[in-house]
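For reference, the chains in residue letters:
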Amino acid sequence: PFAVGDFIVVADKQGTVEQIGIKTTRLRSLSGEMIILANSKLTAAEIQNFRQLKERRIVVLVGVPYQTSAEQVRKIPGLLEAAVAAAGGAKARFDRAHLKSFEQSGFSFELVYFVLDPAYAVYMDVNEAIHLAILDAFRRENIAFAMPATVFHQAPGVGAPQIR
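Quick notes on the rules
Residues numbered from 1 in each chain as written. Predicted model: local features only at pLDDT ≥ 70, side-chain atom pairs only at ≥ 80, totals over all residues. Heavy atoms only, no water. Helix = DSSP H or I, 4+ residues; strand = E, 2+ residues; numbered from the N terminus. Rg over C-alpha atoms; globule rule 2.2 N^0.38 Å. Buried < 20%, exposed > 50% of the residue type's maximum accessible area, 1.4 Å probe, protein only. Contact = heavy atoms within 4.5 Å. Areas by Shrake-Rupley, 256 points an atom, 1.4 Å probe, with all protein chains shown as cover. Lys, Arg positive; Asp, Glu negative; His and termini not counted. Charge placed at Lys NZ, Arg CZ, Asp CG, Glu CD. Patch = residues over 30% accessible without salt bridge, like charges linked within 9 Å, V, L, I, M, F, W, Y side chains within 5 Å. Salt bridge = Lys/Arg side-chain N within 4 Å of Asp/Glu carboxyl O. 1 Å grid on protein atoms, 1.4 Å probe; cavity = no way out; pocket = protein on both sides within 12 Å on 5 of 7 lines; lining within 4 Å. Points joined across faces, edges and corners; volume = space filled by probe spheres on them. Nonpolar A, V, L, I, M, F, W, Y, C, P; charged D, E, K, R; others polar. Pairing = 2+ DSSP bridges. Axes fitted to C-alpha atoms, helices over the stretch in contact; angles between N-to-C directions. Phe/Tyr/Trp six-rings, centres within 6.5 Å; stacked < 30°, edge-to-face > 60°. Lys NZ or Arg CZ within 6 Å of the ring centre and 35° of its normal.

Participant: Can you walk me through the overall build of the protein in this structure?
Facilitator: Regarding its fold elements, the protein presents 3 helices and 8 strands. Written out in order from the N terminus, the α and β elements of the protein read β-β-β-β-α-β-β-α-β-β-α. In terms of overall dimensions, the protein is more spread out than a globule: its C-alpha atoms have a radius of gyration of 23 Å, far above the 15 Å expected for 164 residues. For the protein, the C-alpha atoms occupy an extent of roughly 75 × 50 × 25 Å along the three principal directions. Counting across all 164 residues of the protein, residues that qualify as buried make up 32%. In the protein, the proportion of contacts linking residues at least 24 apart, taken out of those at least 6 apart, comes to 55%. For the protein, the computed accessible surface area is about 10800 Å², with 55% contributed by carbon and sulfur atoms. Separation of charge centres in the protein, based on 18 positive and 16 negative side chains, amounts to 5 Å.

Take a look at the structure:
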């Protein structure tokens with residue numbers, strides 16, 4: 001299911017196939033070390049092969065606090081789409097952006113886009129550019145990002161709350 005030069009993932013191991021022998025297969029990991037896998041284990045394992053990967057589907061969750069105005073909340077899907085268009089350029093394709101759910105820390109939006117080049121470095125460059133464009137757009141619109149928080153309410157005259 002793979003050839004020399006393919007990037008594969010097997011259980012918790014991943015790397016580029018450098019050699020396929022009679023008893024073992026050798027992978028070069030992303031950090032540079034050699035991983036030697038017994039072929040008997042490979043035949044019983046699920047293998048992800050990225051050779052046929054044409055594009056990468058990216059899902060980004062963005063949270064904003066409940067204090068965000070309704071007008072701002074309505075703008076957010078358009079801001080996310082514009083960020084993909086501006087920062088992704090010809091390397092990314094917008095799929096959708098929606099208010100997904102009401103979470104503990106605020107409104108949760110889901111952004112989905114595709115990076116049109118399968119190279120991991122290209123994906124990371126495009127992903128970073130889109131995240132920075134979202135940051136810039138939110139700052140221009142005075143929209144805050146949600147921060148996970150737990151609020152404790154204490155009745156007057158009662159000791160400190162106990163956390164278990």
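Right, picking up where we left off after that structure.
Participant: Just checking my understanding: could you explain a nonpolar patch on the surface for this structure?
Facilitator: On the surface, a nonpolar cluster with roughly 320 Å² of combined accessible area is contributed by Tyr66, Leu99 and Phe102. Assessed through its relative accessible area of 36%, Tyr66 is described here as partly exposed.

Participant: I would appreciate a short explanation of the layout of surface pockets in the present structure.
Facilitator: Empty space among the atoms becomes apparent when a probe as large as a water molecule is rolled across them. Looking at the largest pocket, its volume works out to about 160 Å³. Around the largest pocket, the lining residues are Phe7, Val9, Gln14, Leu30, Phe50, Arg56, Pro118, Ala119 and Tyr120. For the lining of the largest pocket, a count of residues per class yields 7 nonpolar, 1 polar and 1 charged.

Participant: Please explain the pairing of strand 6 (residues 56-64) as it appears in this structure.
Facilitator: Note on strand geometry: in a regular strand, side chains alternate between the two faces of the sheet. Along strand 6, the buried face is formed by Arg56, Ile58, Val60, Val62 and Val64; none of Arg57, Val59, Leu61 and Gly63, which line the opposite face, is buried. As judged from the 9 bridges shared by strand 6 and strand 8 (residues 106-115), these two strands associate in the antiparallel manner. The partner of Val64 across the bridge, within strand 8, is Phe107.

Participant: Is there a simple way to explain the sheet that holds strand 7 (residues 92-103) in this structure?
Facilitator: Pairing between the strands of a sheet is mediated by backbone hydrogen bonds and can be parallel or antiparallel. The 3 strands are arranged 6-8-7 in an open sheet whose pairing can be described as antiparallel. Looking at the sheet topology across the chains shown, the edges are occupied by strand 6 and strand 7. Each adjacent strand pair in this sheet contributes to an overall mean axis angle of 20°, direction not counted. Running over the sheet, helix 3 (residues 120-140) touches strand 6, strand 7 and strand 8 and is turned about 25° from strand 6.

Participant: Just checking my understanding: could you explain the side chain of Thr68 for this structure?
Facilitator: Along the chain, Thr68 falls in the loop between strand 6 and helix 2 (70-88). Apart from residues no more than four positions distant in its own chain, Thr68 is found in contact with Val73, Phe107 and Ile143.

Participant: Looking at this model, I keep getting lost on the environment of Gly15. Mind explaining?
Facilitator: You can see Gly15 is positioned in strand 2 (residues 13-20). Excluding residues that lie within four positions of it along the chain, Gly15 makes contacts with Asp6, Phe7, Ile8, Leu27, Arg28 and Ser29.

Participant: Whenever I open this one, the environment of Glu55 confuses me. Can you help?
Facilitator: Residue placement: Glu55 occurs in the loop between strand 5 (47-49) and strand 6. Looking at Glu55, the relative accessible area reads 29%, which means it is partly exposed. Apart from residues no more than four positions distant in its own chain, Glu55 is found in contact with Arg93, Phe114, Val115 and Leu116.

Participant: Would you explain the packing of aromatic side chains in this entry?
Facilitator: In this description, a pair of aromatic rings is defined by centroid distance and the angle of the planes. What the rule picks out here adds up to 5 aromatic pairs. On the numbers, 4.9 Å between centres and 20° between planes, the contact of Phe138 with Phe145 is stacked. Overall, the relative accessible area of 34% leaves Phe145 in the partly exposed class. Following the ring pairs from residue to residue traces out a cluster consisting of Tyr66, Phe102 and Phe107. The lysine or arginine in question, Arg93, covers the ring of Phe114, its NZ or CZ lying 4.5 Å from the ring centre.

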